Amino acid sequence: MTVTDKDITKFYNSKAWRMLRQQKLLINPLCQTCQMENKIEAARQVHHACNLRRAWESRYDIKLLFSLCGACHAQIETEIYVERQAAERQKQDEELRRLGG
Ligand SMILES: [Zn+2]
């Protein structure tokens, strides 16, 4: 199936997700990225380790979730955004090249 933005919004607004998120924060109350660097930071966000669109079937799999502090979450979101922008630019370049023939 094709996962739309609407599906994703609906998922993040669902009670099931809120409960899963809460459960994850109980298991890992500290930011897991900071922990890897021996830093202790309270987790504020729960992030899907893989792209939700690609791993839609596993969206309720707690093993794919990461507890993150605000700073680490922002960092990851920025990286994803930059990657997406780069992919978009590449697509446009290819399109231009194709049209230019
Ligand atoms: Zn962190």
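Each chain has its residues counted from 1, running along the sequence as written. pLDDT decides what is reported in this predicted model: residues at 70 or higher carry local features, side-chain atom pairs at 80 or more are listed and counted, and totals for whole chains, interfaces and linings draw on all residues regardless.

A. Fine view of the overall build of the protein chain. Helix and strand assignments come from DSSP, with helices taken as H or I runs of at least 4 residues and strands as E runs of at least 2, each series counted from the N terminus. What the protein chain contains, in helices and strands, is four helices and two strands. Moving toward the C terminus, one meets the helices and strands of the protein chain in the order α-α-α-β-β-α. To get the radius of gyration, use the C-alpha atoms; to get the globule rule, take the number of residues to the power 0.38 and multiply by 2.2 Å. What you see for the protein chain is a C-alpha radius of gyration of 17 Å, clearly larger than the 13 Å of a compact globule of 101 residues, by over 25%. Exposure classes come from backbone-placed C-beta atoms, where a residue is buried if 20 or more other C-beta atoms lie within 10 Å of its own, exposed if 12 or fewer do, and partly exposed in between. Across the 101 residues that make up the protein chain, the buried fraction comes to 11%. Here the contacts in the protein chain between residues at least 6 apart in sequence split such that 54% fall between residues at least 24 apart. C-beta atoms are first placed from the backbone for all residues, and any pair lying within 7 Å is then listed as a contact.

B. How the structure looks around the confidence of the model for the protein chain. Taken over all residues, the pLDDT of the protein chain has a mean of 93, while the share at 70 or more is 99%. In predicted models, pLDDT denotes the confidence assigned by the predictor to each residue on a 0 to 100 scale. Taken element by element, the predicted model of the protein chain shows its lowest mean pLDDT in helix 4 (residues 70-100) (92) and its highest in helix 2 (residues 15-27) (97).

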